[in-house]
Amino acid sequence: MAILIDGKLTAAQIKERIKATVEQSVANGGKRPHLAAVLVGNDGASVTYVASKEKACADVGFDSTVIKLKEETSQDELLAVVKRLNENHDIDGIIVQLPLPKHINEQVVIKNIDYHKDVDGFHLANVGKMVLNMPGFLPATPFGILTLLKQYNIETRGKNCVILGRSNIVGRPMANLMSQKGILADCTVTMCNSKTKDIAYFTRNADIIIAAIGVPEFLKGDMVKQGVVVIDVGITRLPDSTKPKGYRIVGDVDFASVEPKASYISPVPGGVGPMTIVSLLENTLKSAQGKKLTWV
Ligand code: GUN
């Protein structure tokens, strides 16, 4: 039976630590870290994520500002909002919730966020720093996964790590991080995508699998070897009339068939999801502290 990687518990512990740090800093006359989130349109999942981020800020004593813009907002209008947030010295972190409506170029928007406030770690300056192993903001989900690997003392050195998915948010940064030199890295990394021939060939040889493709219950028990470590990043809402909300959350891993073969496995929900938000808080705290050190 696998050991369950409990992201909910780990995230709660980290939140307590962040909260204590904030209260200590405020007691010493410091300001509360302040996260600004921009939401364009009414995409259901995005509305939920932004509300969760707002609540997480309140939980740890951060200030937060949510700017809700209409679906029809033009790219220039959005860039003007980003500029205002860049120039607002009270704001430590800025996130623009993705995906954006089709008429807006996401990369142009991200490029215009001050990279010192880019707590999502999506700006090309922070991506470059990550690739070069320089200090910067790591994207929240990969950061959260590294924290879980550390928390559970999972050995990564010399392991075969297979990443399913090549998104800018998870797959690509994760592949980069796991292949770097050092603790929590030193893996031989294989990235698979929807064009990969015979994905099971790669997953059966994997010591660590990070599944981030957004295909519900894609990874089955017959695709993994005994003792594998499985990190499930998938979060898909499947319609389910038996649930109060009318849907249930499903990961990329078929938990029932994979869990009996795994040594460690992260569940969905309660695995990577809570770690993503807490990593965003860690980045925002870091930004606020950095400001104090260098600019005040
Ligand atoms: N959409 C899905 N995940 C994320 C995230 O981590 N940050 C932002 N800004 N948008 C997202």
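Residues numbered from 1 in each chain as written. Predicted model: local features only at pLDDT ≥ 70, side-chain atom pairs only at ≥ 80, totals over all residues. Heavy atoms only, no water.

Looking at the overall build of the protein
For clarity, the cut-off: Counting from the N terminus, the helices are the DSSP runs of H or I reaching at least four residues and the strands are the DSSP runs of E reaching at least two. Each radius of gyration reported is based on C-alpha atoms, and the globular scaling rule is 2.2 Å times the count of residues to the power 0.38. Only protein chains enter the area calculation, which uses a 1.4 Å probe; residues under 20% of their type maximum are buried, those over 50% are exposed, and those in between are partly exposed. Where accessible areas are quoted, they stem from the Shrake-Rupley method and a 1.4 Å probe; at the residue level, only the protein chains shown are allowed to cover. Charge counting treats Lys and Arg as positive and Asp and Glu as negative, with His and both chain ends excluded. Lys charges are placed at NZ, Arg charges at CZ, Asp charges at CG and Glu charges at CD.
Of regular secondary structure, the protein possesses 10 helices and 11 strands. For 296 residues, the compact-globule estimate of 2.2 N^0.38 gives 19 Å, and the protein sits close to it at 19 Å. If you line up the protein on its principal axes, its C-alpha atoms span 55 × 40 × 35 Å. Every one of the 296 residues in the protein was classed for burial, and the buried ones make up 48%. Counting every atom, the protein has about 14500 Å² of accessible surface; 55% of that belongs to carbon and sulfur. Between the mean site of the 35 positive side-chain charges and the mean site of the 30 negative ones, the protein shows a separation of 3 Å.

Focus on the state of the cysteines
The condition is simple: Our working definition of a disulfide is a cysteine sulfur pair at a distance within 2.5 Å.
The full count for this structure, using the stated rule, is 0 disulfides. Here Cys161 is not cross-linked by a disulfide; its sulfur's nearest cysteine counterpart is in Cys187, at 4.8 Å. Assessed through its relative accessible area of 0%, Cys161 is described here as buried.

With respect to the nonpolar core
Using the following cut-off: We define a nonpolar core as any set of buried Ala, Val, Leu, Ile, Met, Phe, Trp, Tyr and Cys residues linked to one another through side-chain atoms lying within 4.5 Å. Residues count as neighbours in contact if any of their non-hydrogen atoms are within 4.5 Å of one another.
In this structure, Met178 and Ile210 are the most contacted members of the largest nonpolar core, which totals 46 residues. A total of 7 residues in this core trace back to one element, the largest contributor, which is helix α10 (residues 272-295). Setting aside residues no more than four positions away along its own chain, Ile210 makes contact with Ile145, Cys161, Val162, Ile163, Leu164, Met174, Met178, Ile231 and Val233. In terms of nonpolar packing, the next biggest core, distinct from the first, is built from 20 residues, Ile67, Leu85, Val109 and Ile110 among them.

Comments concerning the site of the ligand
To keep it simple, the criterion reads: Consider each residue's heavy atoms; a residue with any of them within 4 Å of a molecule or strand counts as near. Residues are grouped as follows: Ala, Val, Leu, Ile, Met, Phe, Trp, Tyr, Cys and Pro are nonpolar; Asp, Glu, Lys and Arg are charged; all remaining types, including Gly, are polar.
Every residue close to the ligand is listed here: Lys53, Val96, Gln97, Leu98, Asp120 and Phe122. Counted by class, the shell around the ligand contains 3 nonpolar, 1 polar and 2 charged residues.

Some remarks on the packing of helix α1 (residues 7-27) against helix α6 (residues 140-151)
Inclusion rule: Inter-axis angles, ranging from 0 to 180 degrees, are taken between N-to-C directions of lines fitted to C-alpha atoms, where helices are fitted over the stretch in contact. Roughly parallel means an angle under 35 degrees; roughly antiparallel means over 145; roughly perpendicular covers 65 to 115; every other angle is labelled oblique.
Packing of α1 against α6 brings their axes to within 11 Å, and their N-to-C directions diverge by 95 degrees. The angle between the axes of α1 and α6 places the two elements in the roughly perpendicular class. From α1, Gly7, Thr10, Gln13 and Ile14 reach across to α6, where they touch Thr147, Leu148 and Gln151. When the residues that make up the contact of α1 with α6 are grouped by side-chain class, the tally is 2 nonpolar, 5 polar and no charged.

Considering the packing of aromatic side chains
Short version of the rule: We call Phe, Tyr and Trp rings a pair once their centres come within 6.5 Å, taking the six-membered ring for Trp, and we label the pair stacked below 30 degrees between planes, edge-to-face above 60, and tilted otherwise. Any Lys NZ or Arg CZ found within 6 Å of a ring centre and within 35 degrees of that ring's normal is scored as a charge over the ring.
The full count for this structure, using the stated rule, is 2 aromatic pairs. With a centroid separation of 6.5 Å and 75 degrees between ring planes, the pair formed by Tyr152 and Tyr264 is classed as edge-to-face. With Tyr152 in the loop between α6 and β5 (160-164) and Tyr264 in strand β11 (residues 262-265), this residue pair connects regions lying 112 residues apart in the sequence. Residue classification places Tyr152 among the buried positions, given a relative accessible area of 18%. Between Tyr201 and Phe202, the aromatic rings sit 5.0 Å apart at their centres with planes inclined by 85 degrees, giving edge-to-face as the arrangement. The side chain of Arg237 reaches across the aromatic face of Tyr247, ending 4.5 Å from its centre.

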